[in-house]
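Here is how the chains run, residue by residue.
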Amino acid sequence: MSRAAPRKFPAPAKAVAPALAAGLALLGGAAHGAVLPEERADAMYKTYDGGGLLVKGPAVLVRKNFADKVSVSAGYSVDQVSGASIDMVVLGASELREERKQKDLSVDYLRGKVTYTVGVSNSLENDYDANSAYVSISQDMFGDLTTVSLSASRGWDKITRVQGRERTRDPNFERRLDRDTWSVGLSQVLTKHLVANLDYEAITEQGYLQNPYRAIRFLSPDGQSFSTAPEVYPETRTSNAAAVRLKYYLPWRAAVTGGYRYFFDTWDIRAHTGEFGYTQPFFNDALTADLQLRYYAQSAANFYSDLFPRENFQNFVGRDKELAAMNTQSVGLELTWDFLKSQRWFLKKASASVRYDYIMYSYDDFRDASLRGVTPGTEPLYEYDASVGQVWFSVWF
Amino acid sequence: MNGTTERIVARRAGLRAAGRPLAVGVLLATTLLTSACGRIEPWVKPYERERLADPIMAWDRAAISSSYLGHVRENREGAKGGTGAGGGGCGCN
């Protein structure tokens, strides 16, 4: 018996976008301590191709300073999403074709060794509207060897549901999700060649945390097939993430980066992330190459199962592969060509960059249920590769 | 317990779980902030920070790119956060 009859599936995890934007805005703003960030403008085109989904679209980011005290940053990004993920294939949903637009605005105010930052963000889709606002304070101390940052963010999401080929909004479905984020960061100069960064972040979420289209599957009484039913998630989630990163200037002109993050939440997900990076300039600094390796592994949420034994097996049930035990391995290569390195017209410098990331996703308890004629629970474990491409131009003024 | 009570209890438990490490973090940060005027001598002098000021030592040279990559990762992984709300300065000014 199939109770869920989804017609579409939303773009992947929309709720994190504003929080992510807030974090990155902090990175580019308050994180710089007692110096305003450089004035620059970036224009990018990006693509993601993997797991049956194709995402592409432009993005721009502009930062302008005023009177050596105030820095304003504004960003705009569009994601055009098409295709069908494995979840949509299993549920027989029609292919997705939708658009997500994100707008970000932040203002930094520098006073002595303290930077105050406020920012807002909005991400809008036809069935998901996410808004967030944040404040941050950052101070340099100990002879400017140390920078401490504190920040708080609040997010308000409105989740709706579209239906039918016309994708009209279901007037009877509207849910809310609130999110509070608190973070503390410490940046420390350790030696003439080594800097460290420590971050801790706590996120509490309250409201509709699931996806209105996704379904679980459970074994039919004969054990030879499965049926589907809507997911039921807890309405609260508290997450914690602690990270340490180190960056070292090598004896020749190159830099190496290492990082580790530990994550845990009240859904019993535990995750480890390791990162390694290497930066090397070439040709008298005209070209800079970046190599990045990343490994990520997580355990499953306590209400996740690929295949439940029966319907109504427990109070909370989920089959989102993001909640499964999984690991990710990725390698990224970035090349930046500084084609203008001295003042010309109103530009101080300009560069062109290209980046490619290859990501491999492997699941330990999420099976390829799209295969027919296979006894449920014996399908091969799901895995897929994704390619992320980015091309962007940057100017400093 | 009815559903509403369960939600309230779960939320309080969640907030308590988040509150403990958060309180430690805030206490640590406050201690650092309030002791900023101490007599700690910078062990790396400003004139010794040339390499740290090199652009290749920046934590994030292109926010527009890292923003998108972060979005890609957070959308497909269960973990999130801790990606850099902390300081990124090298004290090179």
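Note that the structure is predicted; figures quoted are calculated from it, not measured.

Participant: Any chance you could break down the overall build of chain B for me, citing the residues and the numbers?
Facilitator: Counting its secondary structure elements, chain B contains two helices and zero strands. When each of the 93 residues of chain B is scored for burial, the buried share is 42%. Of the accessible surface of chain B, which amounts to about 4,900 Å², a share of 60% is contributed by carbon and sulfur atoms.

Participant: Provide a residue-level description of unusual backbone geometry, including the pertinent values.
Facilitator: All names here are of chain A. A positive phi angle, near 70°, is found at D268, a position not held by glycine. Counting through the fold element by element, D268 comes out in the loop between strand 13 (255-265) and strand 14 (270-282). For D268, a relative accessible area of 38% gives the class partly exposed.

Participant: Give a description of the side chain of T279(A) that names residues and reports values.
Facilitator: Relative to the helices and strands, T279(A) is located in strand 14. According to the relative accessible area criterion, T279(A) is buried, its value standing at 3%. Residues in contact with T279(A), not counting those within four places in the same chain, are A254(A), A255(A), T288(A), A289(A), D290(A), I56(B) and R61(B).

Participant: Run through the pairing of strand 13 of chain A, naming residues and quoting values.
Facilitator: Residue and element names in this part refer to chain A. With eleven bridges connecting them, strand 12 (residues 236-249) and strand 13 associate as antiparallel partners. Bridge pairing in strand 13 places A241 opposite F263. Hairpin remark: strand 12 followed by strand 13, antiparallel, with five residues in the connecting loop. Bridge analysis of strand 13 against strand 14 gives ten bridges, and the strand direction is antiparallel. Within strand 14, the position partnered with G258 by the bridge is F276.

Participant: Explain the packing of aromatic side chains residue by residue, including any values.
Facilitator: Residues and elements named next belong to chain A. The final tally for this structure, using the stated rule, is 14 aromatic pairs over all chains. Measuring from ring centre to ring centre gives 5.6 Å for F173 and Y208, while their planes differ by 80°; the resulting arrangement is edge-to-face. With F173 in strand 8 (residues 168-189) and Y208 in the loop between strand 9 (194-207) and strand 10 (215-219), this residue pair connects regions lying 35 residues apart in the sequence. Assessed through its relative accessible area of 14%, Y208 is described here as buried. Within the aromatic cluster, the residues linked to one another by ring pairs are Y361, Y363, F366, Y382 and Y384. Sitting above the plane of the W396 ring, K349 keeps its charged end 4.5 Å from the centroid.

Participant: Just give me the short version of empty space enclosed by the protein, but keep the residues and values in it.
Facilitator: Applying the stated criterion to the full structure yields six cavities of 30 Å³ or more. For the lining of the largest cavity, the secondary structure elements donating two or more residues are helix 1 (16-28), strand 12, strand 13, strand 14 and strand 15 (287-298) of chain A together with helix 2 (63-76) of chain B. Counting residues per element, the lining of the largest cavity draws most heavily on strand 14 of chain A, at seven residues. Along the lines of polarity and charge, the residues of the lining of the largest cavity split into 14 nonpolar, 14 polar and 13 charged.

Participant: Can you lay out the environment of Q292(A) for me, pointing to particular residues and giving the numbers?
Facilitator: Among the structural elements, Q292(A) can be located in strand 15. Spatially, the C-alpha atom of Q292(A) lies 14 Å from that of R245(A), the residues being 47 residues apart in sequence. What Q292(A) contacts, discounting residues up to four positions off in sequence, is E275(A), F276(A), G277(A), S330(A), V331(A), G332(A), R355(A) and R73(B). Only 3.5 Å separates the side chain of Q292(A) from the side chain of R73(B), close enough to count as a polar contact.

Participant: Can you explain the environment of N122(A)? Please cite residues and give values.
Facilitator: Residues and elements named next belong to chain A. Among the structural elements, N122 can be located in strand 5 (residues 114-124). Of the residues examined, N122 reaches a relative accessible area of 14% and is grouped as buried. Here the alpha-carbon distance between N122 and W156, two residues 34 residues apart in the chain, equals 9.6 Å. Discounting chain neighbours no more than four positions away, the residues touching N122 are K101, Q102, K103, D129, A130 and N131. Here the side chain of N122 touches A130 through a polar contact of 3.4 Å, landing on its backbone oxygen.

Participant: Report on the pairing of strand 16 (residues 326-340) of chain A, specifying residues and quantitative values.
Facilitator: All names here are of chain A. One ladder, built from twelve bridges, connects strand 15 with strand 16; its direction is antiparallel. Looking at the pairing, Y296 lines up with T328 of strand 16. The sheet contact formed by strand 16 and strand 17 (residues 349-367) spans 13 bridges and is antiparallel. Residue T336 lies in a different strand from strand 17, and its bridge partner there is S353.

Participant: Account for the nonpolar core, naming residues and giving values.
Facilitator: Counting residues in hydrophobic clusters, the biggest one holds 48 residues, and the most contacted among them are Y48(A), L323(A), Y361(A) and Y363(A). Secondary structure elements with two or more residues in this core: strand 1 (40-50), strand 2 (53-66), helix 2 (86-91), strand 6 (128-141), strand 8, strand 17 and strand 18 (381-396) of chain A together with helix 2 of chain B. Top element by residues in this core is strand 18 of chain A. It accounts for five residues. If near-sequence neighbours (up to four positions away) are discounted, Y361(A) is found in contact with Y48(A), M326(A), N327(A), T328(A), E383(A), Y384(A), A386(A), V72(B) and R76(B). The next biggest cluster of nonpolar side chains, apart from the first, holds ten residues, and it includes L145(A), V44(B), L52(B) and W59(B).

Participant: Just give me the short version of a nonpolar patch on the surface, but keep the residues and values in it.
Facilitator: All names here are of chain A. Nonpolar side chains collect at one region of the surface, where F276, L291, L293, V331, L333, L335, W337, F339, V354, V391 and F393 lie side by side and expose about 940 Å² of accessible area between them. The set of elements that each furnish at least two residues to the nonpolar patch consists of strand 15, strand 16 and strand 18. Considering every element that reaches the nonpolar patch, the biggest residue donor is strand 16, with five residues. Assignment of secondary structure puts L291 in strand 15. What makes L291 partly exposed here is its relative accessible area of 33%.

Cut-off values and rules
Residues numbered from 1 in each chain as written. Chains lettered and ligands numbered in written order. Predicted model: local features only at pLDDT ≥ 70, side-chain atom pairs only at ≥ 80, totals over all residues. Heavy atoms only, no water. Helix = DSSP H or I, 4+ residues; strand = E, 2+ residues; numbered from the N terminus. Buried < 20%, exposed > 50% of the residue type's maximum accessible area, 1.4 Å probe, protein only. Areas by Shrake-Rupley, 256 points an atom, 1.4 Å probe, with all protein chains shown as cover. Contact = heavy atoms within 4.5 Å. Pairing = 2+ DSSP bridges. Phe/Tyr/Trp six-rings, centres within 6.5 Å; stacked < 30°, edge-to-face > 60°. Lys NZ or Arg CZ within 6 Å of the ring centre and 35° of its normal. 1 Å grid on protein atoms, 1.4 Å probe; cavity = no way out; pocket = protein on both sides within 12 Å on 5 of 7 lines; lining within 4 Å. Points joined across faces, edges and corners; volume = space filled by probe spheres on them. Nonpolar A, V, L, I, M, F, W, Y, C, P; charged D, E, K, R; others polar. Polar contact = N/O pair within 3.5 Å; in protein donor to acceptor, adjacent residues only side chain to side chain. Core = buried A, V, L, I, M, F, W, Y, C linked by side-chain atoms within 4.5 Å. Patch = residues over 30% accessible without salt bridge, like charges linked within 9 Å, V, L, I, M, F, W, Y side chains within 5 Å. Salt bridge = Lys/Arg side-chain N within 4 Å of Asp/Glu carboxyl O.

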